[in-house]
Amino acid sequence: MSIPIYIIATCIVVFIFVLTVVLYFQVYKRQINRELDGNTRTRFPIAPPHKVTVILLFVLLSISIVISYFAGYANAYKAYETDAWVLAPSDVQTFYAEIESIDGNRLTVTPQSFNGETNQKMMTYDIYDEQVSIYKQDTVLSLSDLSAGDLILITFLTNRSGTDVFKIQVEE
């Protein structure tokens with residue numbers, strides 16, 4: 001089992017913060033010791049450690065927020081891409097219907113009673129040949145090959161973009 005990347009990133013950021021504070025304390029202590037010894041040749045103003053620690057803490061928090069944002073975004077996007085192609089059994093639905101009319105790309109059907117469903121009202125679907133496969137046994141058909149009164153098997157596919165007609169199979 002590997003260690004998650006966000007834990008490694010957090011440890012690196014905290015290590016850099018602690019290392020910077022420790023090094024600054026050493027530089028500050030050296031500066032104070034020089035002043036106490038009376039060596040004024042390398043005198044330059046230096047901020048007190050408590051102010052530098054507070055500033056570095058804000059920098060650490062800013063860096064942590066940026067890293068957390070990008071790590072969260074990458075993780076969420078990876079989960080989204082993984083789930084985008086997973087289909088549940090309820091995502092594919094099929095029912096028999098009889099074609100009532102075909103008007104251009106619009107197909108009007110009536111569900112058949114042997115589906116075991118009580119929905120007997122007419123339904124209308126927009127069918128485009130490049131998006132929907134229409135078959136009769138092993139022969140590929142187009143929407144213009146269908147006629148009123150044909151018994152068809154309609155297969156729906158539900159995905160993130162909605163529910164669409166996936167396939168129409170003409171029954172004999």
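In the block above lies the structure referred to throughout.
Now for a look at the structure at hand. (Residues numbered from 1 in each chain as written. Predicted model: local features only at pLDDT ≥ 70, side-chain atom pairs only at ≥ 80, totals over all residues. Heavy atoms only, no water.)

Comments concerning the packing of aromatic side chains
Going by this rule: Side-chain rings of Phe, Tyr and Trp (the six-membered ring for Trp) are treated as a pair once their centres are within 6.5 Å; stacked means planes under 30 degrees apart, edge-to-face means over 60, and tilted covers the remaining angles. Counting from the N terminus, the helices are DSSP H or I runs at least four residues long and the strands are E runs at least two residues long. When a residue's accessible area, from a 1.4 Å probe over protein chains only, is under 20% of the maximum for its type it is buried; when over 50% it is exposed; and in between it is partly exposed.
In total, this model carries four aromatic pairs according to the counting rule given. With a centroid separation of 5.5 Å and 20° between ring planes, the pair formed by Phe95 and Phe156 is classed as stacked. Here Phe95, found in strand β1 (residues 92-103), pairs with Phe156, found in strand β6 (residues 151-159); they are 61 residues apart in sequence, far enough to count as distant. Since its relative accessible area comes to 9%, Phe95 is described here as buried. With a relative accessible area of 9%, Phe156 lands in the buried category.

Digging into unusual backbone geometry
Its identity as a non-glycine residue notwithstanding, Gln137 has a phi of 55°, on the positive side. Structurally, Gln137 can be placed in the loop between β4 (133-136) and β5 (139-141). Looking at Gln137, the relative accessible area reads 59%, which means it is exposed.

Brief notes about the pattern of salt bridges
As a reminder of what qualifies: Salt bridges, as used here, are contacts in which a Lys or Arg side-chain nitrogen is within 4 Å of a carboxyl oxygen on Asp or Glu.
Using the criterion set out here, one finds one salt bridge in the structure. With a closest N to O distance of 3.4 Å, Arg106 and Asp126 form a salt bridge. Remark: Asp126 occurs in strand β3 (residues 123-126) and Arg106 occurs in strand β2 (residues 106-111); sequence separation between them is 20 residues. Taking the relative accessible area as the measure of exposure, Arg106 reaches 42% and is therefore partly exposed.

Section: the nonpolar core
Put simply, the rule is: For this analysis, a nonpolar core means a set of buried residues of the types Ala, Val, Leu, Ile, Met, Phe, Trp, Tyr and Cys, connected via side-chain atoms within 4.5 Å. By the convention used here, residues are in contact when the closest approach between their heavy atoms is within 4.5 Å.
If you look at the biggest cluster of nonpolar residues, it comprises 18 residues, and the most contacted ones within it are Val109, Tyr125, Ile127, Ile152 and Ile154. Ignoring any residue separated from it by four or fewer positions in sequence, one finds Tyr125 in contact with Phe95, Asn105, Arg106, Leu107, Val109, Ile154, Phe156 and Val165.

Overview of a nonpolar patch on the surface
Put simply, the test is: A residue counts toward a patch only above 30% relative accessible area and without a salt bridge, and it is joined to like-charged neighbours within 9 Å or, for Val, Leu, Ile, Met, Phe, Trp and Tyr, to nonpolar neighbours within 5 Å. All accessibility values rest on the Shrake-Rupley procedure with a 1.4 Å probe; residue burial counts only the protein chains present in the view.
Together, Ile3, Ile5, Tyr6, Ile7, Ile8, Ile12, Phe15, Ile16, Leu19 and Leu23 give the surface a local cluster of nonpolar side chains, amounting to about 1,000 Å² of exposed area. Mapped onto the elements, Tyr6 comes out in helix α1 (residues 5-37).

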